[in-house]
Amino acid sequence: MKKLIVFVFVGFIAQLIDGSLGMAYGVTSSTLLLTFGIAPAVASASVHLAEVVTTAASGASHWKFGNVDRAMVGKLIIPGSVGAFIGACFLSNLPGDVIKPYVSLFLLALGFYIIYRFLVLNGRAPSASRKQWSNKQLVPLGLAAGFLDATGGGGWGPIATPVLLANKNMEARKVVGTVDTSEFAVALSATLGFVISLGWEQVNWYWVLTLMAGGVIAAPIAAWLVRKLPSHLLGVLVGGLIILTNVRTLLHAWEVPAPVYPTVYGLIVIGWATAVWMAIKNGRKGKATGRELAS
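Trainee: What is the right way to look at the confidence of the model for the protein chain in this model?
Mentor: One rule of thumb: low pLDDT means the predicted coordinates there are not for detailed reading. Looking at the protein chain, pLDDT values average 79 and 80% of them are 70 or higher. In this model, residues 123–130 is a region of pLDDT below 50 whose contacts with residues beyond four sequence positions or in other chains number nine contacts.

Printed below as a string of structure tokens:
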């Protein structure tokens, strides 16, 4: 019973983070399952099966709160689904550990850029002449993010969210809502690939059901948070999470001595907290300036 409550709580926290910041459900859940000795392919299959339900709940919640760019969801779904299906079918033969550090370096750079953008530009609203993402840009993004999501047990949000946030013409809440909504199709495709490759008997239903339960409860709360959080603050929170998760991947990949970890994580958390404080301060300044101009 105690273990059941723990896993429901983990599912809740993972979905709360994923639904409000656009990433981390797969990474959080997969990491937990792997620590319990579950094989990578089985862990990834269990997480993606749970995500079919949690992402459906999350997508419906984001849609209800107006956090979704409908046109972009349509453009991301097909390439993301194809990439996820291929990644799931060939997981056992892919050098995921070799690829991860290079992807993490790219995402780390994007994380710093996103924090810079939302602090310096102060979450400036998109201009009226908004430039839409083209299919030539979204197809490779969807393929790569879907592929890495299936092979690594999490990757759709960490890849798609920072890349879309790097576009200065898109609202942070719309990015998070769009990525979360399109993730339903990605999770469904990855699950089909795993079922074909592994069979239903390999799925750990205990993990799946507990993760589902926590995620479904958290989904509407996260979608509401995205709507309420200021764009500049949401961007800084996402950027800090990107940096933290990818530094962790790089530390493991480069076999950095364990005693160094607390120092590195401590510096990141201090820097992240400072950036959040500055974002809140800038937001208050902006409101005060707006009131002065109005009067």
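Trainee: Hey, could you run me through the pattern of salt bridges in this one?
Mentor: Side chains that differ in sign of charge can pair as their charged atoms come close. On inspection of all chains with the given rule, the structure shows one salt bridge. Between Glu-171 and Arg-173 there is a salt bridge whose closest N-O contact spans 3.6 Å. Accessibility expressed as a relative area gives 29% for Glu-171, which makes it partly exposed.

Trainee: Quick question: what am I supposed to make of the packing of helix α4 (residues 70–89) against helix α8 (residues 172–198) here?
Mentor: If you want to describe how two helices pack, look at the angle between their axes and the distance between the axes. Contact geometry of α4 with α8 gives a least axis separation of 7 Å together with a crossing angle of 25°. Comparing the axis directions of α4 and α8 gives the class roughly parallel. Between α4 and α8 lies a crossing of right-handed hand. Together, Met-72, Val-73, Leu-76, Ile-77, Gly-80, Ser-81, Ala-84, Phe-85, Ala-88 and Cys-89 of α4 and Thr-178, Thr-181, Ser-182, Ala-185, Val-186, Ser-189, Ala-190, Leu-192, Gly-193, Phe-194, Ile-196 and Ser-197 of α8 make up the contact between the two elements.

What counts, and where the lines are drawn
Residues numbered from 1 in each chain as written. Predicted model: local features only at pLDDT ≥ 70, side-chain atom pairs only at ≥ 80, totals over all residues. Heavy atoms only, no water. pLDDT = per-residue confidence, 0-100. Contact = heavy atoms within 4.5 Å. Salt bridge = Lys/Arg side-chain N within 4 Å of Asp/Glu carboxyl O. Buried < 20%, exposed > 50% of the residue type's maximum accessible area, 1.4 Å probe, protein only. Axes fitted to C-alpha atoms, helices over the stretch in contact; angles between N-to-C directions. Helix = DSSP H or I, 4+ residues; strand = E, 2+ residues; numbered from the N terminus. Parallel < 35°, antiparallel > 145°, perpendicular 65-115°, else oblique. Left-handed = near helix turned anticlockwise from the far one by under 90°.

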